[in-house]
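So the chains spell out like this:
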Amino acid sequence: SEPLLIEKNVFMVRKDSNITYEGDMRKLSHYGIGTLIGYTTLDKYMENKIISTVDKSANVEASLNKLISGERQVDLVVNTDYILWYTAKKMNIMDSVKELPFPLAETPSYLAFNKEKDYTQVMAKFETELKKMKNDGTYQQIIEKYIGK
């Protein structure tokens, strides 16, 4: 079935940053990376000693505040692109940050239905409408409304 969206784990930096990322985490080893408490995407890189400076915050706003203010050593923030851009818009800092290319990971996300009832018709209708919305631009308009990207 059609994914509702593709979650891309990306790095966000200050707009004036010279940090680059082309998919090799070792090149980020000397930078401080902000993330969330419980966010496991970076764990394998920490376990393998590829990165070491990770600042874990309770929420995305706190991570982005550290990035923007230069407080502590947060040079990059990692999370899903939609969450980062939505939060940046909400904080009115979209002009102060940029997303680095090359997502750390991409994960398709789907809408789940309860197996206890037969939702076959609802699922088919949802799938049809989602495809229509993606084809006619409505889906992208909704994304832009919330994240301004």
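Here the structure is shown first, and the text comes after it.
Below, the structure is looked at part by part.

Rules and cut-offs
Residues numbered from 1 in each chain as written. Predicted model: local features only at pLDDT ≥ 70, side-chain atom pairs only at ≥ 80, totals over all residues. Heavy atoms only, no water. Helix = DSSP H or I, 4+ residues; strand = E, 2+ residues; numbered from the N terminus. Buried < 20%, exposed > 50% of the residue type's maximum accessible area, 1.4 Å probe, protein only. Contact = heavy atoms within 4.5 Å. Core = buried A, V, L, I, M, F, W, Y, C linked by side-chain atoms within 4.5 Å. Axes fitted to C-alpha atoms, helices over the stretch in contact; angles between N-to-C directions. Parallel < 35°, antiparallel > 145°, perpendicular 65-115°, else oblique. Nonpolar A, V, L, I, M, F, W, Y, C, P; charged D, E, K, R; others polar. Salt bridge = Lys/Arg side-chain N within 4 Å of Asp/Glu carboxyl O. Pairing = 2+ DSSP bridges. Expected span 1.5 Å × (residues − 1). Phe/Tyr/Trp six-rings, centres within 6.5 Å; stacked < 30°, edge-to-face > 60°. Lys NZ or Arg CZ within 6 Å of the ring centre and 35° of its normal.

**Observations concerning the overall build of the chain**
At step 1: A tally of helices and strands in the chain yields five helices and six strands.
At step 2: Viewed in the frame of its principal axes, the chain has a C-alpha envelope of about 50 × 35 × 30 Å.
At step 3: By residue count, 34% of the 149 residues in the chain fall in the buried class.
At step 4: Excluding contacts between residues fewer than 6 apart, the proportion of contacts in the chain whose partners are at least 24 apart in sequence is 67%.

**A short note on the nonpolar core**
Soluble globular proteins: nonpolar side chains tend toward being buried together.
At step 1: One finds Phe-11, Met-25, Ile-33, Leu-42, Leu-64, Leu-76 and Leu-104 to be the most contacted residues of the largest nonpolar core, which totals 33 residues.
At step 2: Of the residues forming this core, the biggest block, four residues, is contributed by strand S1 (residues 5–14).
At step 3: Excluding residues within four positions of it along the chain, Leu-76 makes contact with Phe-11, Met-12, Val-13, Ile-19, Leu-28, Tyr-31, Gly-32, Ile-33, Gly-34, Leu-67 and Leu-100.

**Looking at the packing of helix H2 (residues 60–69) against helix H3 (residues 81–90)**
At step 1: Between H2 and H3, the least distance of the axes is 10 Å, while the angle of their chain directions is 70°. Judged by the inter-axis angle, H2 sits roughly perpendicular to H3. On the side of H2, the interface is formed by Val-60, Glu-61 and Leu-64, while H3 contributes Ile-83, Leu-84, Thr-87, Ala-88 and Lys-90.
At step 2: Its residues assigned to classes, the contact of H2 with H3 shows five nonpolar, one polar and two charged.

**So, the side chain of Thr-35**
At step 1: Within the secondary structure, Thr-35 is located in strand S2 (residues 33–36).
At step 2: Relative accessible area serves as the criterion here: at 2%, Thr-35 is assigned to the buried category.
At step 3: Residue contacts for Thr-35: discarding those within four places in its chain leaves Leu-42, Val-54, Asp-55, Lys-56, Ser-57, Ser-63 and Val-78.

**Side note on the side chain of Ser-109**
At step 1: With respect to the helices and strands, Ser-109 occurs in strand S6 (residues 105–109).
At step 2: Look past the residues within four positions of Ser-109 in its chain and what remains in contact with it is Pro-3, Leu-4, Leu-5 and Glu-7.

**A look at the pattern of salt bridges**
At step 1: Tallied over the entire structure, the rule returns eight salt bridges.
At step 2: Among the ionic pairs, Glu-129 bridges to Lys-125, the shortest N-O distance being 3.2 Å. Highlighted residues: Glu-129 and Lys-125, both in helix H4 (residues 120–136), separated by four residues, approximately one helical turn.
At step 3: Members of the salt-bridge network, linked through shared partners, are Lys-125, Glu-129 and Lys-132.

**Let's talk about the pairing of S2**
At step 1: Burial along S2 is two-sided: Ile-33 and Thr-35 and Gly-34 and Leu-36, pointing in opposite directions, are all buried.
At step 2: Pairing of S2 with strand S4 (residues 76–80), which is carried by two bridges, proceeds in the parallel orientation. Pairing of Gly-34 across the sheet is with Val-77, part of S4.

**A few points about H4**
At step 1: For H4, spanning 17 residues, the distance from its first C-alpha to its last is 24 Å, which sits close to the expected 24 Å at 1.5 Å a residue.
At step 2: Directly after H4, the chain includes Gly-137, whose backbone phi takes a positive value near 95°.

**Brief notes about the packing of aromatic side chains**
At step 1: Enumeration according to the criterion identifies three aromatic pairs in this entry.
At step 2: Taken together, a centroid distance of 5.7 Å and an interplanar angle of 35° make the contact between Phe-113 and Tyr-119 tilted.
At step 3: Relative accessible area serves as the criterion here: at 27%, Phe-113 is assigned to the partly exposed category.
At step 4: For the ring pair Phe-113 and Phe-126, a centre distance of 6.5 Å and an interplane angle of 75° mean the geometry is edge-to-face. With Phe-113 in the loop between S6 and H4 and Phe-126 in helix H4, this pair connects stretches of sequence that are 13 residues apart.
At step 5: By relative accessible area, which is 29% here, Phe-126 ends up partly exposed.
At step 6: Taken together through their ring pairs, the aromatic side chains of Phe-113, Tyr-119 and Phe-126 make up a single cluster.
At step 7: A cation over an aromatic ring shows up here: Lys-134 above the ring of Tyr-139, its NZ or CZ 4.9 Å from the ring centre.

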